Structure formats: C-alpha cells, structure tokens
Amino acid sequence: MNKAQWIPILVLRVIAMVATFVAIVVMVTSHDSAKVLGMTFQAKYNNSPTLKYFVIVSIITTVYSLVALFVPPKKTWRPVLVLDLIVTSFLISSFSAAIGVGQLGKEGNSHAGWLPICGQVPKFCHHVTAALIAGFVAVVFYFILLLYSLNNVLNLVAFKA
C-alpha cells in the first residue's frame, strides 16, 4: 500500500479514535439523581449493562485504533483489515444496543408500563445523547474506513492478477 492510500486511512482512523474517546469520556461522566416520593434515585451509565457494553467496546476500539496507527502498512494490511471488520461489527452492535436503551429511557414503553426517565434526570439523558452522537460519528467513520480499505485490497488483488 503506497503513501497516497495510507494517508486517508490514517485520517479516518484518527477521527474514529477521537470520536470513540469522546463517547467514552462523556458516557463515563454521565450521572444524575432524582428525588421521587422522598427517595433519591441515581442514574449512572454503569446501571445499564447495555451502556457498559457500549463503553467497553468503545475502549477496545480506541485502544485498537491507537495501536493500528503504529502498524506498518506494508505487510500487515490483511490482519488489520480483518480486525477493522471485527471492531466495526462490535462498534455497530454496541451502538445499536445503546440507542435502544436510550430511546427506552427517553420515551418509555407504554405497553410494558415503563415510564420515561429523562424528565427526572435530564443531565444524565443529555450526556448519554451526546455520547451516542459521538458513537454514531465513530461508526460512520469506521464504516468508511472499512470500505476504503476493502477498495484498496480489491485494487491490489486486481493489479496482481
């Protein structure tokens, strides 16, 4: 892979890494409390296994992106491409699950009798929303990175044949 092909990959990977890092910081700092009937309830990201999954996958993605920045592009493009595919899949999975929980927290579920919580803990909901926006940016940039890398690989295979 030549330098002209490597620079867009580097830029996309850095943007995706920054977006996942921002999602981690914003999600981990999300907490709020509400007083209902004399009892205080706390809303934190670690109260939900889905939001914990989102944070863990974002941490793994950030670390992997940082490590992948220092991998030489000459001979290791195949394992990096496979790992990019795996990381992108996990990132999409965690983002989708977190969006579902966020929607449930915002709107509730009248069929199940679950009330929305964002009216009681708006600071928490705003943090989760911001983290999910950063997560969406990361998903988009990782998907573009994956498509660009696949295009480069297919072009390399076509030139060798």
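This structure is a prediction, so every number in the text was calculated from the model and none was measured. As a convention, each chain's residues are numbered from 1 in the sequence order in which they are written. Only residues with pLDDT of at least 70 are given local features in this predicted model, and only at 80 or more are side-chain atom pairs given and counted; all residues enter the totals for whole chains, interfaces and linings. Where side-chain values are given, they derive from all heavy atoms of the structure, hydrogens and water being excluded.

Draft legend 1. Up close: the nonpolar core. Nonpolar core, defined: a set of buried Ala, Val, Leu, Ile, Met, Phe, Trp, Tyr and Cys residues in which side-chain atoms within 4.5 Å join the residues together. For the exposure calls, accessible area comes from a 1.4 Å probe over protein chains only, and a residue counts as buried if that area is under 20% of its type's maximum, exposed if over 50%, partly exposed in between. Counting 33 residues, the largest nonpolar core has Met27, Leu51, Phe54, Phe124 and Tyr142 as its most contacted members. Mapped onto this core, the elements with two or more residues apiece are helix H1 (3-28), helix H2 (49-69), helix H3 (77-107) and helix H4 (122-160). Secondary structure counts use DSSP, requiring at least four H or I residues in a row for a helix and at least two E residues in a row for a strand, with both numbered from the N terminus. When residues in this core are grouped by element, the largest group, 10 residues, is from H4. The contact definition used throughout considers only heavy atoms, calling two residues in contact when any of these lie within 4.5 Å. With residues near it in sequence (within four places) discarded, Phe124 still touches Ser30, His31, Asp32, Ala43, Lys44, Tyr45, Leu51 and Ile117.

Draft legend 2. Geometry of the pairing of strand E1 (residues 31-36). As defined by bridge partners, E1 adjoins strand E2 (residues 39-44) across six bridges and the pair is classed as antiparallel. Within the sheet, the bridge partner assigned to Lys35 lies in E2 and is Thr40. What sits between the antiparallel neighbours E1 and E2 is a turn of two residues, in which Leu37 has the positive phi angle 55°. One bridge is not enough; two strands pair if DSSP finds at least two bridges between them.

Draft legend 3. Inspection of the packing of H2 against H3 at higher detail. Two elements in contact, H2 and H3, have axes separated by 9 Å at closest approach and are oriented at 155°. Put simply, H2 runs roughly antiparallel to H3. You can see that H2 and H3 cross each other, and the crossing is left-handed. Mapping the contact onto sequence places Thr50, Leu51, Tyr53, Phe54, Val57, Thr61 and Tyr64 in H2 and Val80, Leu83, Asp84, Val87, Phe90, Leu91, Ser93, Ser94, Phe95, Ala97, Ala98 and Val101 in H3. Residues are grouped as follows: nonpolar covers Ala, Val, Leu, Ile, Met, Phe, Trp, Tyr, Cys and Pro; charged covers Asp, Glu, Lys and Arg; every other residue, Gly included, is treated as polar. The class makeup of the residues in the contact of H2 with H3 is 14 nonpolar, four polar and one charged. Convention adopted: a line fitted to C-alpha atoms gives each axis, helices being fitted over their contacting stretch, and angles between N-to-C directions are expressed from 0 to 180 degrees. For classification purposes, angles smaller than 35 degrees are called roughly parallel, those larger than 145 roughly antiparallel, those between 65 and 115 roughly perpendicular, and all remaining angles oblique. Note on convention: the crossing is left-handed when the near helix lies turned anticlockwise from the far helix by less than a right angle, right-handed when the turn is clockwise.

Draft legend 4. Representation of the packing of H1 against H2 within the structure. Put simply, H1 and H2 touch, their axes get as near as 9 Å, and they point 145° apart. H2 is crossed by H1, and the crossing has left-handed handedness. Taken together, the residues of H2 that come into contact with H1 (itself represented by Trp6, Leu10, Arg13, Val14, Met17, Thr20, Phe21, Ala23, Ile24, Met27 and Val28) are Leu51, Phe54, Val55, Ser58, Ile59, Thr61, Thr62, Tyr64, Ser65, Leu66, Ala68 and Leu69. Broken down by class, the residue content of the contact of H1 with H2 amounts to 17 nonpolar, five polar and one charged.

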